[in-house]
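# Coordinate analysis (summary)
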Amino acid sequence: MSNRHPRRAAVTGIGVIAPNGLRTDAYWKSVSEGLTVLDLIGREGCGHLPLRVAGEVRAFDPSGLIEDRFLVQTDRFSHFAMAAAALALDDAGLGGDPAEPFSIGVVTAAGSGGGEFGQRELQKLWGKGSKYVGPYQSIAWFYAASTGQISIRGGLKGPCGVVASDEAGGLDSLAHAARAVHRGTDVMVVGAAEAPLAPYSMVCQLGYPELSTLDDPGRAYRPFTEKACGFVPAEGGALLVVEDEDRARERGVPVRAVVAGHAATFTGASRWAESREGLARAISGALDEAGCAPEEIDVVFADALGVPEADRAEALALADALGAHGTRVPVTAPKTGIGRAYCAAPVLDTVAAVLAMEHGSVPPTPNVFDVCHDLDLVTAHARPAELRTALVLSRGLMGSNAALVVRRGDDSAR
C-alpha cells in the first residue's frame, strides 16, 4: 500500500486581464491601493442604453498577444481568457509546448458568451444576407469557446470542461479543477473571463432588477451601505494554473496557495432573503471539506451584490456559518472598484485572496464608507494582517451560491 498522502491542488500560476490591470502585479497594485476604475461606458453603440457605468478593459490589444488565426474565430471574452491563460502558464513555468500534453486539462466558466462576435455576424445576416456570415459564428459565441481555444492553442489534451452554473460558476470551476487534480490529472488551467459590454449583451442584462442604472461611477455600486442600489458589470477575468502540490515542489516552483475546500447550493433566482441559508450551508460545506474551523478564516472576500436584501442575507449568512467570528473577521469586496465580471468576478476575488495572503494585507472596498451591516468591512485603506486562510463567496443572479476556502502556500511572497 502506498504511503503517499492525498493529492492537494496547489495554485502555481496566475494570469489577469482586468479593468484595473492587464497583469497580476498591476491588478494587485490597484486592488491593494483601493483604486476605482468604474466609469461611464465608452463602447460604441451603448450610449443610449440605461446601463451607464461599468468596468471596462480599455488598454487591451489582443493582436499583440494572440495569433491572427485565433483572433478571427473568437470573441473578446475568449481573447481575455487566452491571454490570461498564457500569462498563468508562464507564471507557473509551463509556457511553450507541453512535454506531457495529456497531463494538462482546461476548465472555464462563462455566463455571457461571445455577444460582440454574435451581434456583428447577425447584423451581417440581417443587412447583407447569409453568405456574408462568417463560418466561426457557430462557435465564437458559445460559452464553451474559451476552454476549447485555450486547449487548442496550448496543445493541452487533458480533461477539459465548462461549468455553467451562474456567476458562482467561477468558484465551481476552481473546485472542478481541484477535484480533477485529486483524481490524478497533473495540471489544470482554470478560471473565467467575460465580455458583457457589447450592445446586444447589455440589452440582455437590462432585465436584471439587481442592475444599477445610476450614472455616477462613485455611487453606482456601493454594497453594504444604505445607498446600495445594485451592481455594475465588468469585463475581463483571470486564469490560474492548479496542479498537484507534490509535482509542483518536484518542479521547484512556488506553491502560491492550496485550494482547500468548496461547496455549492441553490436557492432560486432573486430570492435574496433565502440566499442567507443557502450561502451559509455553502460556507459550512466548504469549511468541512477543508477541515477548517470557523475561527481559522482570516479574511472573507464577499459576494457584495449591492442589493440591500442580498447584502443583509450575506452578512447574516457569515454570522450563521462562522458564529461570533463572522462579525469580527475582516471582510472585503475589491470588486466595487472594477465591477462584477459575472463568472470571472469570484475568480478575480480568488486571485486577490492569494495575493493578499502573500503580501499580508487585506485590500480595501472602494467607494464604500458608511457600512450599515454587522460586518468588519475593510474600507478606505488596506489593513496589514497575518493571513493564512481566506474564504471567497459568490452568488449568481439565477440562484447559485458557492464558497471556496483557500490556504496560503508555504512559500514566501514574491
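Note that the structure is predicted; figures quoted are calculated from it, not measured. (Residues numbered from 1 in each chain as written. Predicted model: local features only at pLDDT ≥ 70, side-chain atom pairs only at ≥ 80, totals over all residues. Heavy atoms only, no water.)

## Side note on the overall build of the chain
The helix and strand tally for the chain stands at 12 helices and 15 strands. Against the compact-globule benchmark of 22 Å for 414 residues, the chain has a radius of gyration of 20 Å, which places it among compact chains. Referenced to the eigenvectors of the C-alpha coordinate spread, the extents of the chain come out at roughly 65 × 55 × 35 Å. Here the chain holds 414 residues, and 61% of them are scored as buried. Considering only residue pairs separated by 6 or more positions, the chain has 80% of its internal contacts joining residues 24 or more positions apart. In the form shown here, the chain has an accessible surface area of approximately 15700 Å², with 52% of it arising from carbon and sulfur atoms. For the chain, the centre of its 38 positive side-chain charges and the centre of its 50 negative side-chain charges are spaced 3 Å apart. (Helix = DSSP H or I, 4+ residues; strand = E, 2+ residues; numbered from the N terminus. Rg over C-alpha atoms; globule rule 2.2 N^0.38 Å. Buried < 20%, exposed > 50% of the residue type's maximum accessible area, 1.4 Å probe, protein only. Contact = heavy atoms within 4.5 Å. Areas by Shrake-Rupley, 256 points an atom, 1.4 Å probe, with all protein chains shown as cover. Lys, Arg positive; Asp, Glu negative; His and termini not counted. Charge placed at Lys NZ, Arg CZ, Asp CG, Glu CD.)

## Some points on the side chain of Lys335
By the secondary structure assignment, Lys335 is in the loop between strand E10 (330-332) and helix H12 (344-359). Looking at Lys335, its side chain comes within polar contact range of the main-chain oxygen of Asp303, at 3.3 Å. Apart from residues lying up to four places away in sequence, Lys335 is in contact with Tyr221, Ala302, Asp303, Arg340, Ala345 and Asp349. (Polar contact = N/O pair within 3.5 Å; in protein donor to acceptor, adjacent residues only side chain to side chain.)

## What to know about the nonpolar core
As a rule of thumb, nonpolar side chains are buried together in soluble globular proteins. Judged by nonpolar contacts, the single largest core of 50 residues is most densely connected at Val16, Tyr27, Leu240 and Val351. It is H12 that provides the largest number of residues to this core, a total of 10 residues. Each residue touching Val351, except ones within four places of it in the same chain, is listed here: Ile14, Val16, Tyr27, Ala238 and Leu240. Counting 49 residues, the second-largest nonpolar core is a separate cluster that includes Leu49, Ala317, Leu322 and Leu397. (Core = buried A, V, L, I, M, F, W, Y, C linked by side-chain atoms within 4.5 Å.)

## Section: unusual backbone geometry
In this model, Phe224 sits at a positive phi of 65 degrees, which is unusual for a non-glycine residue. Mapping Phe224 onto the fold places it in the loop between helix H8 (199-205) and strand E7 (236-244). If you check the backbone angles, Ser270 has positive phi at about 60 degrees while not being a glycine. Tracing the chain through its elements places Ser270 in the loop between strand E8 (257-266) and helix H10 (275-290). Looking at Ser270, the relative accessible area reads 32%, which means it is partly exposed.

## Here we look at the side chain of Ser275
Its place among the elements puts Ser275 in helix H10. For Ser275, a relative accessible area of 1% puts it in the buried group. One polar contact links Ser275 to Arg395, side chain to side chain, over a distance of 3.1 Å. Those residues in contact with Ser275 that sit more than four places away from it in its chain are Thr267, Ala280, Ala313, Arg395 and Asn401.

## A closer look at a nonpolar patch on the surface
A cluster of nonpolar side chains, namely Val72, Tyr136 and Ile139, defines an oily patch on the protein surface of about 250 Å² accessible area. Its relative accessible area of 51% is what places Val72 among the exposed residues. (Patch = residues over 30% accessible without salt bridge, like charges linked within 9 Å, V, L, I, M, F, W, Y side chains within 5 Å. Salt bridge = Lys/Arg side-chain N within 4 Å of Asp/Glu carboxyl O.)

## A word on the UniProt feature "domain: Ketosynthase family 3 (KS3)" (unreviewed entry) in the chain
The UniProt record marks residues 6-408 with the feature "domain: Ketosynthase family 3 (KS3)" (unreviewed entry), using the residue numbering of this structure. Within the segment residues 6-408, helix and strand shares are 33% and 19% respectively, and the terminal C-alpha atoms sit 18 Å apart. (UniProt positions renumbered as here; feature names shortened; annotations may be inferred.)

## Looking at the pattern of salt bridges
Applying the stated criterion across every chain, the model contains 29 salt bridges. Between Arg271 and Glu274 there is a salt bridge whose closest N-O contact spans 2.9 Å. Assessed through its relative accessible area of 39%, Glu274 is described here as partly exposed. Ionic pairing is found between Asp320 and Arg276, a salt bridge with its closest N-O pair at 2.7 Å. Here the residue Asp320 occupies a position in helix H11 (residues 308-322), and Arg276 occupies one in helix H10, the gap between them amounting to 44 residues. For Arg276, a relative accessible area of 31% translates into the label partly exposed. Each of Arg7, Asp186, Glu243, Asp244, Arg247 and Arg251 takes part in a single network of salt bridges with overlapping partners.

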